[in-house]
Amino acid sequence: MPATKKTAIEFNDRIFDLRRERSHDDLWSMLDRLYGTHPDYAKFSKALDRAMRAAWRDRPEDLRLLDLKRDLEPDWFQRPDMAGYVFYIDRFCGTLARVPEKLDYLADLGINYVHFMPCLKPRPAPNDGGYSVMDYGKINPAYGTMDDFEAATTACRERGISVCVDMVLNHTAKEHAWAKKARRGDPKYADYYLMFDDDTLPKQYERTLVEIFPNDAPGNFTWYDDCQKWVWTTFNEHQWDLNWANPQVFLEMAKIMLNLANRGVDVLRFDAVAFMWKRMGTRCQSEPECHMLLQALRAVCRIVAPAVIHLEEAIVSPAEMLPYLGRGEHDGREGNLAYHNSLMVQFWSALASSDTQLMTYVMGAHFPPNLTNATYATYLRCHDDIGWAVTDEDAAVVGLNGHLHRAFLSDFYEGAFPGSFSKGELFQYNPETGDKRISGTCASLAGLEKALDANDAAATDRAVDRILMGHALIASSGGIPLIYMGDELALTNDYGYHDVPAHAHDSRWLHRPMMDWAGADIARTDLNSVQARVWNGIRGILARRAGVREFHAAYPTEILQTGNAALFALARRAPFGSVVCVYNFSDYWTALPQSWLVQHGMTHHVDILSGGAVASDRGAVPIAPYARAWFS
Ligand code: GLC
């Protein structure tokens, strides 16, 4: 250990230099291409270097130790014991100060990663659930202060729980200080956004852009009388898109990112990354520059705060999503995590149709068996709606009409399709394209709400089994399973949002209920309750998973053909063994030939999820309705 303060500083600076050397090319090869011809490039480069060194000097000692630990164990987030929990601070526990007292509950469930839903200071409501940020340096005052935030991240770290927070990269609230200055005509800040004197260019862009919120916020541009400008507003009117072609925007965002890292954030969730770069004549989504920007941001973190990883939110088709996990020239250098939207969509699609053929095709054809330095965030539900991201081409491969299948799924999950077990609400119906998205909690979509309303014990059992099968699926397919707050207690839809003026227009609030702590008590005390069955089921799945080395995300996932439309199967292959996971998406009993299991390397047939040896009836292994079995 260095003896004096001066040598300690020199020693630390030397570490910074080594990390800067390591990521030099990852960073500057991107920035040169993005901004090399910008007149301020030299000034920008120096400022970025200074900002990185300053952030490193500010980095608390315990976080530097964590940097070292994670440099030594770079697979920390890929391990089979990683499991996440996603919640709004106010809806889960009120304020940040109360997070520590809830950690026992989370640890008991098997959680070691928490996502605090948007917690930076948003504009006053409506603020898109916090995604309209007016100050990235402050915490939402309703949740507490930056000190409370640091206390919460410290408490989590001491318990071995990583913290994820949202960082909205694509836009700021129109009340952000930069936007206010831009609006007053300050040319420096006007260049932070995309502002136009008349609608000539906006109209040209609109020809190829899509509508994100067609009901609430039609169009991608907004006219402001006071400043006589059109402003690019992809999402809501109050969310102004940033101009990432300006290196100053990169610098500002890099500083914000490092500040959050130094406050104890482990995972930065980059919001709406697909929209960061605009190009005339395109959808302005997932342009190559998005990946250059994200690689550069990744490199900045690797230099200053290597303990931190990046989760990229790109809810797009599989082919468009995978590059966010680093493909081609960005291999191993871009996002560490990205949402596995397809798995989520395919789960609900297969469940509605009791048919896994589309799922088997999509998962096998589009997803590589493994990724470099990266894995998926797997989930069944999140705070957003479900968009039926099934392409016409994929549907056609298995004999489906894409348009009709998507319409069926919306009708089914809205509860309108005859015989549907589900209860949800539409989100942003677009009559022009026929696109209908769906809101609803996991439990309500899986049939629990209707079953409870009808007092139907058998239907309740089936709904519980669907919920548990889904969780076993996201726990086994590769990646960090994210449990969305309340799903562990099977919370049903919250219709109260209709009475909240700031929420009533946005059906996503249907599945953003308040935490049900009374339900959590029931789960502990009444073992026959639905709450207990779901809680113990999910807890059991996570506990089992933690002990199965084959579930490490670095080991390949192989999608298997079962020849049985009701069954979806995958294998996790490690050099020392395999696990074959089988899921029955139908509500009837079916069977797998024993020879099928043998063919896939399973000679003993032990279901490690239930713990039992699997009975074989004359060469066939019976599979119960909505069964989830992990054969080892
Ligand atoms: C992301 C968020 C969503 C939000 C949008 C705009 O998609 O998940 O909730 O509306 O970004 O910030």
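Scoring rules and cut-offs
- Residues numbered from 1 in each chain as written.
- Predicted model: local features only at pLDDT ≥ 70, side-chain atom pairs only at ≥ 80, totals over all residues.
- Heavy atoms only, no water.
- Helix = DSSP H or I, 4+ residues; strand = E, 2+ residues; numbered from the N terminus.
- Rg over C-alpha atoms; globule rule 2.2 N^0.38 Å.
- Buried < 20%, exposed > 50% of the residue type's maximum accessible area, 1.4 Å probe, protein only.
- Contact = heavy atoms within 4.5 Å.
- Areas by Shrake-Rupley, 256 points an atom, 1.4 Å probe, with all protein chains shown as cover.
- Lys, Arg positive; Asp, Glu negative; His and termini not counted.
- Charge placed at Lys NZ, Arg CZ, Asp CG, Glu CD.
- Phe/Tyr/Trp six-rings, centres within 6.5 Å; stacked < 30°, edge-to-face > 60°.
- Lys NZ or Arg CZ within 6 Å of the ring centre and 35° of its normal.
- Pairing = 2+ DSSP bridges.
- Axes fitted to C-alpha atoms, helices over the stretch in contact; angles between N-to-C directions.
- Parallel < 35°, antiparallel > 145°, perpendicular 65-115°, else oblique.
- Left-handed = near helix turned anticlockwise from the far one by under 90°.
- Nonpolar A, V, L, I, M, F, W, Y, C, P; charged D, E, K, R; others polar.

Asks: A description of the overall build of the chain should follow, citing residues and the corresponding values.
Replies: When you go through the chain residue by residue, the secondary structure sums to 22 helices and 23 strands. Computed over its C-alpha atoms, the radius of gyration of the chain comes to 25 Å, within 12% of the 26 Å expected for a compact globule of 632 residues. Projecting the C-alpha coordinates of the chain onto the three principal axes gives extents of approximately 75 × 65 × 45 Å. Sorting the 632 residues of the chain into buried and exposed places 59% on the buried side. Contacts in the chain between residues far apart in sequence, at least 24 positions, make up 72% of those at least 6 positions apart. Roughly 24,000 Å² of accessible area belongs to the chain as shown, and the carbon and sulfur atoms make up 52% of that amount. For the chain, the centre of its 64 positive side-chain charges and the centre of its 81 negative side-chain charges are spaced 5 Å apart.

Asks: Please set out the packing of aromatic side chains residue by residue, giving values where relevant.
Replies: Scanning the entire structure with this criterion turns up 41 aromatic pairs. With 5.2 Å between their ring centres and 55° between their planes, Tyr224 and Trp240 make a pair best called tilted. Separated by 16 residues along the polypeptide, Tyr224 in strand β8 (residues 221-224) and Trp240 in strand β10 (residues 239-241) bring together distant segments of the chain. Look at Trp240 and you get buried, because its relative accessible area is 0%. Here the aromatic cluster, defined as three or more aromatic residues joined through ring pairs, consists of Phe347, Trp348, Trp388, Phe408, Phe412, Tyr413, Phe417, Phe421 and Phe585. Lying over the aromatic face of Trp517, Lys102 brings its terminal NZ or CZ to 4.0 Å of the ring centre. In this structure, Arg466 packs its charged tip against the face of Phe421, placed 3.7 Å from the ring centre.

Asks: Pulling in residues and values, what's your account of the sheet that holds strand β19 (residues 567-574)?
Replies: Neighbouring strands of a sheet are bound in pairs by backbone hydrogen bonds; such pairs are parallel or else antiparallel. Spatial strand order, β18-β19-β20-β23: four strands in an open sheet with antiparallel pairing. Each edge of the open sheet carries a strand with a single partner, namely β18 (557-560) and β23 (628-631). Across the sheet, the mean angle from the axis of one strand to that of its neighbour is 20°, orientation sign disregarded. Relative to β23, helix α19 (residues 457-476) is tilted by about 35°, and along the sheet it contacts β19, β20 (577-584) and β23.

Asks: Residues and numbers for the sheet that holds strand β9 (residues 229-232), please.
Replies: The strand order across the open sheet built from three strands is β7-β9-β8, with neighbouring strands paired in antiparallel fashion. This sheet does not close on itself; its edge strands, each paired only once, are β7 (195-196) and β8. Pairing analysis gives four bridges linking β8 to β9, with the strands arranged antiparallel. Following the sheet pairing, Thr222 is matched in β9 by Val231.

Asks: Describe the packing of helix α2 (residues 41-58) against helix α11 (residues 288-304), listing the residues and the values that go with them.
Replies: At a minimum axis distance of 9 Å, the contact between α2 and α11 shows a crossing angle of 40°. It follows that α2 is oblique to α11 by the angle criterion. The way α2 lies across α11 gives a crossing that is right-handed. Contact residues: Met52, Ala55 and Trp56 in α2; Val300, Ile303 and Val304 in α11. Along the lines of polarity and charge, the residues of the contact of α2 with α11 split into six nonpolar, no polar and no charged.

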